[in-house]
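The residues making up each chain are set out below.
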Amino acid sequence: MSSPPCSSSLEKQMDIEKADEEIEPLSADNDLYGGVKVEMKEPMDSKIYALRLKASLSEWRQQGKKGVWIKLPSELVNLVEPTMKEGFRYHHAEADYLMLVRWLPKTIPDTLPGNASHTVGIGAFVMNAKKEVLVVQERSGQFRGKGVWKMPTGAVNQGEDFCMAAIREVKEETGIDTKFLQVLAFSQTHQTFFGKSDLFFVCVLQPLSFDIKKQESEVEAAQWMPIESYAAQPYNQRHESFKYVSEICLAKSRGEYNGFAPVSMKTSSGKTFYLYSSSRDFQQVTQF
């Protein structure tokens, strides 16, 4: 004689049967481009979720929706497989969630934007009144053990203005407090970190302190170096991009080069951002 199923199994089966009878679409918000966004927050049985997702897709097609975005927090990993089975694809992942997308129309080309295409980095040109440049030697990376003195560099964090990132990186690597002044130059390279493109901004900062306290974990050595000695390093002379940047820094030290200074502004929604423009020409064309 077979034993009866446990109460928890019966309850789950009843839930699924009930969901099959009264299928409620997933809660979704319309986006600005004719699509919908679903943000899952509460745990859900994967079979019930699959039924609700099917019902939702049918409803969204009838409504003429285009792109569908489903955000799954990391703790709802059980919902990834049923989402993929409905034709969704990975868009991007962060530490606490996974984003999946699907384009619904069959007669309209897929215009869903791709994941972020660039990383952003900064290099900090910090020069004191003696025309000495703040430089470091790195413990790791491509410059490890090469004896190259380079300006402090680093990656910009998500949600961080790169002018603030430059100040932070200098402080972290050398202990020097600074004030951001200008962008001297920037470059764009491709196929770098995990295939992303990279934007790199060379920034000039004014030192507000001068006693170096190097970061032990990443920096082998740090010092103030005469700018001519910095520019004349064999590595800088052998590599075109480094040579060009060092020549820009030399020109800046002589007052022969003008960079782009930040002007704080607000978007129509009230968010603060920075517009970078020629500080030399800006006053001639505006009344700010």
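Calculation rules
Residues numbered from 1 in each chain as written. Predicted model: local features only at pLDDT ≥ 70, side-chain atom pairs only at ≥ 80, totals over all residues. Heavy atoms only, no water. UniProt positions renumbered as here; feature names shortened; annotations may be inferred. Helix = DSSP H or I, 4+ residues; strand = E, 2+ residues; numbered from the N terminus. Buried < 20%, exposed > 50% of the residue type's maximum accessible area, 1.4 Å probe, protein only. Areas by Shrake-Rupley, 256 points an atom, 1.4 Å probe, with all protein chains shown as cover. Expected span 1.5 Å × (residues − 1). Arc of directions from axis to C-beta. Polar contact = N/O pair within 3.5 Å; in protein donor to acceptor, adjacent residues only side chain to side chain. Pairing = 2+ DSSP bridges. Contact = heavy atoms within 4.5 Å. Axes fitted to C-alpha atoms, helices over the stretch in contact; angles between N-to-C directions. 1 Å grid on protein atoms, 1.4 Å probe; cavity = no way out; pocket = protein on both sides within 12 Å on 5 of 7 lines; lining within 4 Å. Points joined across faces, edges and corners; volume = space filled by probe spheres on them. Right-handed = clockwise from strand over helix to strand, strands pointing away.

An unreviewed UniProt entry lists the protein under the name Nudix hydrolase domain-containing protein, with Erythroxylum novogranatense given as the organism. One UniProt comment on the protein, placed under Sequence similarities (unreviewed entry), says "Belongs to the Nudix hydrolase family."

Enquirer: For this particular structure, what's the right way to read the overall build of the protein?
Expert: What the protein contains, in helices and strands, is eight helices and 13 strands. Relative to its 288 residues, the protein shows a buried fraction of 40%. Looking at the protein as shown, the accessible area adds up to about 17,800 Å², and 52% of this sits on carbon and sulfur atoms.

Enquirer: Would you mind going over helix α2 (residues 46–62) with me for this structure?
Expert: Turn by turn, an α-helix covers 3.6 residues, leaving residues three or four places apart pointing in a common direction. Its 17 residues place the ends of α2 24 Å apart at the C-alpha level, agreeing with the 24 Å of an ideal helix rising 1.5 Å per residue. Listing the buried residues of α2 in full gives I48, Y49, R52, L53, S56, L57 and W60. One face of α2 carries all of its buried residues, which in axial projection span an arc of 165 degrees. More than 90 degrees from the buried face of α2, the exposed residues found are K47 and Q62. Between the side-chain oxygen at the start of α2 and the backbone nitrogen of K47 there is a gap of 2.9 Å, and the oxygen is on D45. Phi turns positive one or two residues past the end of α2, at G64, with a value near 75 degrees.

Enquirer: Would you take a moment to explain the sheet that holds strand β5 (residues 97–103) for this structure?
Expert: Whether parallel or antiparallel, the strands of a sheet pair through hydrogen bonds between backbone atoms. Within the open sheet, the five strands sit side by side as β1-β2-β3-β5-β4. Their pairing is mixed. The open sheet has two free edges, formed respectively by β1 (29–30) and β4 (89–94), since each of these has just one partner strand. Where β1 lies against strand β2 (residues 36–39), two bridges are found, and the strand directions are antiparallel. Paired with N30 across the strands is V36, a residue of β2. Taken strand by strand, α2 contacts β2, β3 (67–73) and β5, and its axis lies near 155 degrees from that of β3.

Enquirer: Would you take a moment to explain helix α7 (residues 240–253) for this structure?
Expert: Helix length check: α7, at 14 residues, gives a terminal C-alpha distance of 20 Å against a target of 20 Å (1.5 Å per residue), a fit within 8%. Within α7, burial applies to S246, I248, C249, L250, A251 and S253. Buried-residue contacts for α7 involve β6 (118–126), β9 (178–189), α5 (227–231) and α6 (234–238). One or two steps after α7, the chain reaches G255, where phi turns positive at roughly 75 degrees.

Enquirer: What is the right way to look at the layout of surface pockets in this model?
Expert: Of the volumes computed, that of the largest pocket is approximately 1,600 Å³. V120, G121, G154, D198 and F200 are, among the 48 residues lining the largest pocket, the residues nearest its centre. When contributions to the lining of the largest pocket are tallied by element, the ones reaching two or more residues are β4, β6, β8 (153–155), α4 (162–174), β9, β10 (197–207) and α7. With five residues, α7 is the single largest residue contributor to the lining of the largest pocket.

Enquirer: Would you mind going over the pairing of β3 with me for this structure?
Expert: Looking down a regular strand, the side chains alternate between one sheet face and the other. The element β3 is extensively covered by neighbouring structure, given that six of its seven residues are classed as buried. Relative to β3, β2 runs parallel, the two being bridged by four bridges. When the bridges of β3 are listed, E39 appears paired with K71. Between the parallel pair β2 and β3, the chain is carried across by α2, and the sense of this crossover is right-handed.

Enquirer: Please explain the environment of N258 as it appears in this structure.
Expert: Inspection of the secondary structure assignment puts N258 in the loop between α7 and β12 (260–266). Along the primary structure N258 and I248 are separated by 10 residues, whereas in three dimensions their C-alpha atoms are 9.5 Å apart. A polar side-chain atom of N258 sits 3.5 Å from a polar atom in the side chain of Q182. Within polar-contact distance, the side chain of N258 engages the side chain of S278 at 2.9 Å.

Enquirer: Whenever I open this one, the side chain of E160 confuses me. Can you help?
Expert: Here E160 shows up in the loop between β8 and α4. For E160, the side chain forms a polar contact with the main-chain nitrogen of N157, separated by 2.9 Å. Within the structure, E160 has its side chain in polar contact with the side chain of R168 (distance 2.7 Å). Discounting residues that sit within four places of it in the chain, E160 has contacts with A165 and R168.

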